[in-house]
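Residue-level structural notes
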Amino acid sequence: MTPVTPSSAAREQEETTAVVADPAGASTETSAESSTGTTPAPTRRPRPVAVPLGLLKAMRPRQWVKNILVLAAPFAAGRLFDLTVLPDVALAFVAFSLAASGVYLINDTKDVEADRAHPKKKYRPIAAGIVPPALAVVTGIVLFAGALGVSLLADPDLLLVTAIYIVVQLAYCLWLKHEPVIDICIVSSGFLMRAIAGGAAAGLPLSPWFLLTMAFGSLFMASGKRYAEMRLAERTGAKIRKSLERYSASYLRFVWSLSATVVIMAYGLWAFGIGVTATPGRMPTSPSTWAIVSIVPFVVAILRYAVDVDGGNGGEPEEIVLGDRVLQVLGLVWIALIGLAVYFAPGMA
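Because the structure is a prediction, the values reported are computed rather than measured.

**A few points about the overall build of the protein**
Looking only at helices and strands, the protein features 14 helices and 2 strands. Taking contacts inside the protein between residues at least 6 apart in sequence as the whole, the part at least 24 apart equals 68%. For the protein, the accessible surface area stands at approximately 18300 Å², while carbon and sulfur atoms represent 68% of it.

**Quick notes on the pattern of salt bridges**
Evaluated as defined, the whole model comprises 8 salt bridges. A salt bridge links Arg79 to Asp82; the shortest N-O distance between them is 2.9 Å. Close ionic contact of Lys177 with Asp111 constitutes a salt bridge, the shortest N to O distance being 2.3 Å. Residue Lys177 is found in the loop between α7 (156-174) and α8 (182-202), and its partner Asp111 is found in the loop between α4 (86-110) and α5 (112-116); the two are separated by 66 residues along the sequence.

**Some details on α8**
Between its first and last C-alpha atoms α8 spans 30 Å; for 21 residues at 1.5 Å apiece the expected length is 30 Å, and the two agree. Taken across its 21 residues, α8 has 17 buried, putting it largely inside the fold. Gly203 lies just past α8 and shows a positive phi near 70°.

**Describing the packing of aromatic side chains**
For any pair of aromatic rings, the description rests on two quantities: the centre-to-centre distance and the angle between the ring planes. Counted by the stated rule, this structure contains 13 aromatic pairs. Here the aromatic cluster, defined as three or more aromatic residues joined through ring pairs, consists of Phe210, Tyr267, Trp270, Phe298 and Trp334.

**Overview of the confidence of the model for the protein**
Residues with a pLDDT of 70 or more make up 81% of the protein, whose mean pLDDT is 81. Looking across the protein, the model is least confident in strand β1 (residues 17-21), with a mean pLDDT of 38, and most confident in helix α6 (residues 133-154), with 95.

**Some details on the side chain of Arg124**
Residue position: Arg124 is located in the loop between α5 and α6. Within polar-contact distance, the side chain of Arg124 engages the side chain of Asp108 at 3.2 Å. Ignoring anything within four residues of it in the chain, the contact list for Arg124 reads Arg60, Asn107, Asp108 and Asp115.

**Focus: the packing of helix α12 (residues 295-310) against helix α14 (residues 325-344)**
α14 packs onto α12 with a crossing angle of 160° between their chain directions and a minimal axis gap of 9 Å. By the angle between their directions, the pair α12 and α14 is classed as roughly antiparallel. In this structure, α12 crosses over α14, and the sense of that crossing is left-handed. Facing α12, whose interface residues are Pro297, Phe298, Val300, Ala301, Arg304, Tyr305 and Asp308, α14 presents Val326, Leu327, Leu330, Val333, Trp334 and Leu337.

**A short note on the side chain of Ser207**
Within the fold, Ser207 resides in the loop between α8 and α9 (208-236). On the accessibility criterion, Ser207 (7% relative accessible area) is buried. A polar contact of 3.1 Å, which involves the side chain of Ser207, links it to the backbone nitrogen of Phe210.

**Things to note about a nonpolar patch on the surface**
On the surface, a cluster of nonpolar side chains totalling about 350 Å² of accessible area is made up of Val181, Tyr251, Phe254 and Leu258. Tyr251 gets classed as partly exposed once you look at its relative accessible area, which sits at 31%.

**Some details on helix α10 (residues 249-271)**
In an α-helix, one turn spans 3.6 residues, which is why side chains three or four residues apart end up on the same side. Across its 23 residues, α10 extends 32 Å between first and last C-alpha, which sits within 8% of the 33 Å expected from 1.5 Å per residue. If you check which residues of α10 are buried, you get Leu252, Val255, Trp256, Ser259, Ala260, Val262, Val263, Ala266, Tyr267, Gly268, Trp270 and Ala271.

**With respect to the packing of α4 against α6**
Geometrically, a packed helix pair is captured by the angle between its two axes and the distance between the axes. At a minimum axis separation of 8 Å, α4 and α6 run at an interaxial angle of 160°. With respect to α6, the element α4 is oriented roughly antiparallel. You can see that α4 and α6 cross each other, and the crossing is left-handed. Tallied by class, residues from the contact of α4 with α6 come to 17 nonpolar, 7 polar and 1 charged.

**Some words on the environment of Ser188**
By the secondary structure assignment, Ser188 is in helix α8. Remark: the alpha-carbon pair of Ser188 and Phe220, spanning 32 residues in sequence, is separated by 8.0 Å. Beyond its immediate chain neighbours, meaning those up to four positions away, Ser188 contacts Ser218, Leu219 and Ala222.

The rules behind each value
Residues numbered from 1 in each chain as written. Predicted model: local features only at pLDDT ≥ 70, side-chain atom pairs only at ≥ 80, totals over all residues. Heavy atoms only, no water. Helix = DSSP H or I, 4+ residues; strand = E, 2+ residues; numbered from the N terminus. Contact = heavy atoms within 4.5 Å. Areas by Shrake-Rupley, 256 points an atom, 1.4 Å probe, with all protein chains shown as cover. Salt bridge = Lys/Arg side-chain N within 4 Å of Asp/Glu carboxyl O. Expected span 1.5 Å × (residues − 1). Buried < 20%, exposed > 50% of the residue type's maximum accessible area, 1.4 Å probe, protein only. Phe/Tyr/Trp six-rings, centres within 6.5 Å; stacked < 30°, edge-to-face > 60°. pLDDT = per-residue confidence, 0-100. Polar contact = N/O pair within 3.5 Å; in protein donor to acceptor, adjacent residues only side chain to side chain. Axes fitted to C-alpha atoms, helices over the stretch in contact; angles between N-to-C directions. Parallel < 35°, antiparallel > 145°, perpendicular 65-115°, else oblique. Left-handed = near helix turned anticlockwise from the far one by under 90°. Patch = residues over 30% accessible without salt bridge, like charges linked within 9 Å, V, L, I, M, F, W, Y side chains within 5 Å. Nonpolar A, V, L, I, M, F, W, Y, C, P; charged D, E, K, R; others polar.

Here is the structure:
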């Protein structure tokens, strides 16, 4: 029997493959040579939950906060806590959450190559290769069907609004996002349709001043988002989106200023109408003092939001709101004042 020499034993040890379990529970193959740095680092097997979690992240549940706008019309009409209205408004929230998530999945699938060149968007699950594009598309279609079904449970008018939202947003994802001006209008229309959906679900009439406030407030946020993206592109040199090539900072500031002016004026006229009732043969009643006072935190919030966007601190409206404590306090004060106005002097939204 030939004795094993130290050199032969060392060779056998080098050729032996060991299986090492990582802390996550997935096993990883490695060799003795890996400790010397002469071979690549061991590769972990993907966790079984990676794809479902990535799919959930791609649906962007954090942005469902935008769908709180469906509460705007019932709240402004003093009907938010009406048990005959609240269930339908909740269905509107669910419907728009499903529809918006479906749009995000289709959009990220369409823009996967562009997202990989973006400094932040490259970490999105589809761009990072975690979620297969085919799975994202199928899930998006299922979410659209679910959104339409939930809308039908509430009201046929809500079904119509949800269907229009899906069609417009898909047109934006597939084509219109590259058209200057049109892209801003479509982004702002998404906020407006959420507010209209709340009124449609609850069967409430919406005043012209309320609609103008929502429309130009949405345009203010959309143009501010584009302006923040342009600032980011100037700082990093990254190609954020194609439509920005047709914009200039001065033009976006013009749209931004115009929409801010109109939204403040429209809100003031709407606020001065809260609590006013007209009776034939009598003078109209005075507007609610609380509604008039609410103009102050509303205007200050608009100016504060503008400071955040102009400073390049964020692009997505929900990111700005969630990251600014002063803006949150102003919002709470405004909600409290409007609540006092509409629930002590109820009227049409």
